[in-house]
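# Chains, contacts and geometry: an overview
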Amino acid sequence: MSIAVETDQNQAANGDGPQRRRGPSGGRRGRRDAHWGRRYWLRRAGVVLVVFLLWLTWSVGGALTAPGADTTAARLAEWGRFHGLGSVVDTLEQIQYRLDPPKVGGALAGGIPEISKAQPTPGSSVASAAIAPKAPALLVNIPALAKPALPGEGVWQPLVSLHGKPAIRAAFLRPDGTHTSYLVGVALLDQKLVKFALHPGYRVPGTISTAPSQIPTSQRDSLLATFNSGFTMVDAKGGYWQNGQSVVPLRAGAASMVLYKDGHVDVVKWTGARPGPDVAAVRQNLAMLVEGGTISADIDSTTTNAW
């Protein structure tokens, strides 16, 4: 027995015997454990990936199917900005701009549009709409930015009439002296004839319980025009207030579109005071570009902090 023990010890010392035979068995267990561990983490990673893809599909799908007439590209860009990918969207837009820049020079196809008469609106007669009076003397035409000016460039024309008077006028002109083949339009609404109302967007700036995001069907027959109220709230650096409800706090000094209960609208630098009893809504967007007839020095700023 003592010899057997001695023999085992000698074999162990020489690297033979049972201890060596156990080596391969232990190695297989180690490989099995490592393999099991890799499969475990791969399964966990797979579950996380599937959950992420499901969320991504749901989130992007919601953006693509939301109410509105935006293009798919615009919806994807907006989705990216809402999810912290603003810099990526900016880069892609800059690349797109470099690949397809606006045309320089060239003639404006068809010249300046001419509106022969104002279009009638629901409730107004064709006869009254056809009067299309000329712009009053105090309404100064817009100076042409491209020289020489084209016939009718910057001249106010009645676009929509109400009760025989132009409720909306339009002026058409080229944007500058470089991109002369493009046309822009400017609209002027007579606040004595029309009323403004603000409806919160489907997602931005947030829910207002007393103001529907969609224009009620009963009011659509009298609708003359719509326009977007500005940047998303995270980019606007301002607030939103309507019907006594504050979605985002108003910021003193911000450019503010103020809509009043009687239907007229104004754009002012917000003083920081609470909205008065005659105010229906306030929507803020960055800083004033024009104030008291003076153009802001930030007009040419390339940073989004200014404009």
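Relevant structure appears above.
Worth saying up front: this structure is predicted, and the values here are computed from it rather than measured. (Residues numbered from 1 in each chain as written. Predicted model: local features only at pLDDT ≥ 70, side-chain atom pairs only at ≥ 80, totals over all residues. Heavy atoms only, no water.)

### Here we look at the overall build of the protein chain
Each helix and strand counted, the protein chain has 6 helices and 11 strands in total. When contacts within the protein chain are restricted to residue pairs at least 6 apart in sequence, long-range pairs at least 24 apart make up 52% of them. Accessible surface for the protein chain amounts to roughly 20,600 Å². Of this, 59% is attributable to carbon and sulfur atoms. (Helix = DSSP H or I, 4+ residues; strand = E, 2+ residues; numbered from the N terminus. Contact = heavy atoms within 4.5 Å. Areas by Shrake-Rupley, 256 points an atom, 1.4 Å probe, with all protein chains shown as cover.)

### Re the pattern of salt bridges
Overall, the coordinates contain 4 salt bridges when judged by the stated rule. Between Glu153 and Arg174 there is a salt bridge, with the nearest N and O atoms lying 2.9 Å from each other. Of this pair, Glu153 sits in the loop between helix H5 (126–129) and strand E2 (157–162) while Arg174 sits in the loop between strand E3 (165–173) and strand E4 (184–189), and the two are 21 residues apart along the sequence. Note that Glu291 is salt-bridged to Lys269, the shortest N-O span being 3.5 Å. Of this pair, Glu291 sits in strand E10 (residues 290–291) while Lys269 sits in strand E8 (residues 265–269), and the two are 22 residues apart along the sequence. (Salt bridge = Lys/Arg side-chain N within 4 Å of Asp/Glu carboxyl O.)

### Some thoughts on unusual backbone geometry
Lys147 connects to Pro148 through a cis peptide bond whose omega is -5 degrees. Looking at where Pro148 falls in the secondary structure, it is placed in the loop between H5 and E2. Even without being glycine, Leu286 reaches a positive phi, approximately 50 degrees. By the secondary structure assignment, Leu286 is in the loop between strand E9 (279–284) and E10. The exposure class of Leu286 is buried, given its relative accessible area of 4%. (Buried < 20%, exposed > 50% of the residue type's maximum accessible area, 1.4 Å probe, protein only.)

### Some points on the packing of helix H3 (residues 72–82) against helix H4 (residues 86–99)
Packing of H3 against H4 brings their axes to within 7 Å, and their N-to-C directions diverge by 145 degrees. Touching Ala77, Gly80 and Arg81 of H3 are Gly86, Val89, Asp90 and Glu93, all from H4. The residue makeup of the contact of H3 with H4, split by class, is 2 nonpolar, 2 polar and 3 charged. (Axes fitted to C-alpha atoms, helices over the stretch in contact; angles between N-to-C directions. Nonpolar A, V, L, I, M, F, W, Y, C, P; charged D, E, K, R; others polar.)

### Considering the sheet that holds strand E5 (residues 240–242)
An order of E6-E5-E9-E7-E8 is seen for the 5 strands of this open sheet, with the pairing classed as antiparallel. Two strands lie at the open edges of the sheet, namely strand E6 (245–248) and E8, each paired on one side alone. Averaged over all adjacent pairs, the angle separating strand axes in this sheet is 20 degrees, with direction ignored. Examined bridge by bridge, E5 and E6 share 3 bridges and lie antiparallel to one another. (Pairing = 2+ DSSP bridges.)

### Thoughts on the nonpolar core
With 15 residues, the main nonpolar core has Ala167, Phe196, Leu198, Tyr240, Met257, Leu259 and Val265 as its most contacted residues. At the level of secondary structure, the elements contributing two or more residues to this core comprise E2, E3 and strand E7 (255–260). Formed by 6 residues, the second largest nonpolar core is a distinct cluster that contains Val258, Tyr260, Val279 and Val282. (Core = buried A, V, L, I, M, F, W, Y, C linked by side-chain atoms within 4.5 Å.)

### Some remarks on the environment of Thr226
By the secondary structure assignment, Thr226 is in the loop between E4 and helix H6 (233–236). Using a relative accessible area of 58% as the deciding quantity, one classes Thr226 as exposed. Separated by 30 residues in the primary sequence, Thr226 and Phe196 have C-alpha atoms spaced 9.4 Å apart.

### Remarks on the packing of aromatic side chains
For the structure shown, the criterion picks out 2 aromatic pairs. Centroid distance Phe52 to Trp55: 6.0 Å. Interplanar angle 35 degrees. Geometry classified as tilted. Taken together, the positions of Phe52 and Trp55, both in helix H2 (residues 18–65) and 3 residues apart, correspond to about one turn of that helix. Residue Phe52 is classed as partly exposed on the basis of its relative accessible area of 42%. Ring geometry for Trp55 against Trp79: centres 6.3 Å apart, planes inclined by 45 degrees, an arrangement best described as tilted. Placement of Trp55 in helix H2 and of Trp79 in helix H3 is noted, with a sequence separation of 24 residues between them. In this structure an aromatic cluster arises from ring pairing among Phe52, Trp55 and Trp79. (Phe/Tyr/Trp six-rings, centres within 6.5 Å; stacked < 30°, edge-to-face > 60°.)

### Considering a nonpolar patch on the surface
Together, Leu49, Phe52, Leu53, Trp55 and Trp58 line one region of the surface with nonpolar side chains, adding up to about 560 Å² of accessible area. Since its relative accessible area comes to 35%, Trp55 is described here as partly exposed. (Patch = residues over 30% accessible without salt bridge, like charges linked within 9 Å, V, L, I, M, F, W, Y side chains within 5 Å.)

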